[in-house]
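# Residue-level structure breakdown
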Amino acid sequence: MTLPSHIRIGLLIGLSLCCLQCFAPSRPGPQASPAPQTSIQVSQVDAERIGKKIWQNEAAGTISGLTSWNKNEAFSSMGIGHFIWYPAGGRQTYEESFRPLMGFLVSRGVRLPTGLNPRSPCPWPNRSAFINASDSPKMRALRQMLSQTVGLQTEFIINRMHAALPKMLRAVSPADQQRIEANFYAMSETANGLYALIDYVNFKGEGVNPKERYKGQGWGMLQVLQGMQGRPTDQAATREYAASAKRVLGRRIANAPKKESQWRAGWFKRCDSYAQPW
């Protein structure tokens, strides 16, 4: 997979996306801010590797895996990040991400398949209809579009990681802000730490959506950063992030209103990959 050069991004978190010169991430100062103005640089090499790993994690790196609908779920999962796409009238327990992705793609000049726009719900009302349409012209057109926009999908996920920090800081008390910010930037100092942040926010979200709770407890990146023990840095930070993620997901499984233990092994294996240096 070859990503376009624009994937070399520097993003001022909390400000609009703009092109910056390459420089290393700054560590947070002694006073945490809910709207940090620190840049994190994701190199083209790292972005390409991250995109491949996310595609492998979510869709086994296959073209067919770019359009799927898992058993016992009320939504389809699209693209390298298995972005959630609800049918019309579906109960939206989790944050939908495919329609925002379509809007991003359109903003970058991508033509969506005929009949779709960034406001379109999933045209198949349930998993059975989706599977029956797996070889339909509309589904083939979707897979073709998704296979041709892997670089832009990766950029969309990276942008979401950057935008997550101010959301998370607004969701916690001032006493917690500095620790959350410090853990976030500690993770950003290594390539596998950046991958862990980018992958997890795509995998389980920011953790700020009040709908994404079981028994009042969330499972997003905010909860993982909150659950990190001590003030680790470098590879110690990635190991503790991975351990915290497994604790958070284990708690989700325990609190789930329906059985989710079948996902434990795969989820934990994914978390273990965060602690593996590149």
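Computed from a predicted model, the values in this text were never measured in an experiment.

This part is about the overall build of the chain. Helix and strand content of the chain: ten helices and five strands. Residues counted as buried form 51% of the 278 residues belonging to the chain. Contacts spanning at least 24 positions in sequence make up 65% of the contacts within the chain whose residues lie at least 6 apart. Element-wise, carbon and sulfur atoms account for 51% of the exposed surface of the chain, whose accessible area totals about 12600 Å².

Here we take up helix α10 (residues 264-274). Trp267, Arg270, Cys271, Ser273 and Tyr274 are the residues of α10 that are buried. Taken end-on, α10 shows its buried residues confined to a sector of 150°, consistent with a single buried face. Residues of α10 that are exposed and point more than 90 degrees away from the buried face comprise Ala265 and Lys269. Buried-residue contacts for α10 involve α1 (44-59), α7 (191-204) and α9 (234-255).

This part covers the layout of surface pockets. As a volume, the largest pocket reaches approximately 1000 Å³. Lining the largest pocket are 38 residues, with Glu73, Phe75, Tyr94, Lys204 and Arg252 sitting closest to its centre. Among the elements of the structure, α1, β5 (83-85), α7 and α10 are those that each provide at least two residues to the lining of the largest pocket. Here the residues of the lining of the largest pocket are counted per class, giving twelve nonpolar, twelve polar and 14 charged.

As a further point, take the packing of aromatic side chains. How two aromatic rings sit relative to each other is given by the distance of their centres and the angle of their planes. For the structure shown, the criterion picks out 17 aromatic pairs. Between phenylalanine 75 and tyrosine 94, the ring centres sit 6.0 Å apart and the planes meet at 90°, which makes this aromatic pair edge-to-face. Placement of phenylalanine 75 in the loop between β3 (67-68) and β4 (76-78) and of tyrosine 94 in the loop between β5 and α2 (98-107) is noted, with a sequence separation of 19 residues between them. Residue phenylalanine 75 is classed as buried on the basis of its relative accessible area, which comes to 6%. Its relative accessible area of 18% is what places tyrosine 94 among the buried residues. The aromatic ring of tryptophan 278 is capped on one face by arginine 49, whose charged end is 4.4 Å from the ring centroid. It is lysine 53 that lies over the ring of tyrosine 195; its NZ or CZ is 4.9 Å from the centre.

A few words on the pattern of salt bridges. This model, assessed by the stated rule, comprises twelve salt bridges. Linking glutamate 58 and arginine 270 is a salt bridge whose minimum nitrogen-to-oxygen distance equals 3.0 Å. Here the residue glutamate 58 occupies a position in helix α1, and arginine 270 occupies one in helix α10, the gap between them amounting to 212 residues. A residue is classified by how much of its surface remains accessible, and glutamate 58, at 17% relative accessible area, is buried. For the salt bridge of lysine 246 with aspartate 272, the shortest nitrogen-to-oxygen distance reads 2.8 Å. Of the two residues, lysine 246 is situated in helix α9 and aspartate 272 in helix α10; the sequence distance between them amounts to 26 residues. Residue class for lysine 246 comes out partly exposed when judged on its relative accessible area of 25%. In this structure, a network of salt bridges that share partners links the residues Glu95, Arg160, Lys167 and Glu206.

Attention now moves to the sheet that holds β3. Taken together, the three strands give an open sheet; going across it, the order is β3-β4-β5, and neighbouring strands pair in antiparallel fashion. Whereas interior strands pair on both sides, the edge strands pair on one side only; in this sheet they are β3 and β5. Seen against the sheet, α2 touches β4 and β5 and runs at an angle of roughly 110° to β5.

Our focus in this paragraph is helix α4 (residues 137-147). Restricting attention to buried positions, one finds in α4 the residues Met139, Leu142, Arg143, Met145 and Leu146. The buried side chains of α4 occupy one side of the element, clustering within an arc of 165° when seen end-on.

This part takes up the nonpolar core. Ranked by size, the top nonpolar core spans 75 residues in total, and within it Trp85, Phe98, Phe184, Tyr200, Met221, Tyr241 and Tyr274 carry the most contacts. No other element matches the ten residues that helix α5 (residues 150-170) contributes to this core.

Thresholds, definitions, all that
Residues numbered from 1 in each chain as written. Predicted model: local features only at pLDDT ≥ 70, side-chain atom pairs only at ≥ 80, totals over all residues. Heavy atoms only, no water. Helix = DSSP H or I, 4+ residues; strand = E, 2+ residues; numbered from the N terminus. Buried < 20%, exposed > 50% of the residue type's maximum accessible area, 1.4 Å probe, protein only. Contact = heavy atoms within 4.5 Å. Areas by Shrake-Rupley, 256 points an atom, 1.4 Å probe, with all protein chains shown as cover. Arc of directions from axis to C-beta. 1 Å grid on protein atoms, 1.4 Å probe; cavity = no way out; pocket = protein on both sides within 12 Å on 5 of 7 lines; lining within 4 Å. Points joined across faces, edges and corners; volume = space filled by probe spheres on them. Nonpolar A, V, L, I, M, F, W, Y, C, P; charged D, E, K, R; others polar. Phe/Tyr/Trp six-rings, centres within 6.5 Å; stacked < 30°, edge-to-face > 60°. Lys NZ or Arg CZ within 6 Å of the ring centre and 35° of its normal. Salt bridge = Lys/Arg side-chain N within 4 Å of Asp/Glu carboxyl O. Pairing = 2+ DSSP bridges. Axes fitted to C-alpha atoms, helices over the stretch in contact; angles between N-to-C directions. Core = buried A, V, L, I, M, F, W, Y, C linked by side-chain atoms within 4.5 Å.

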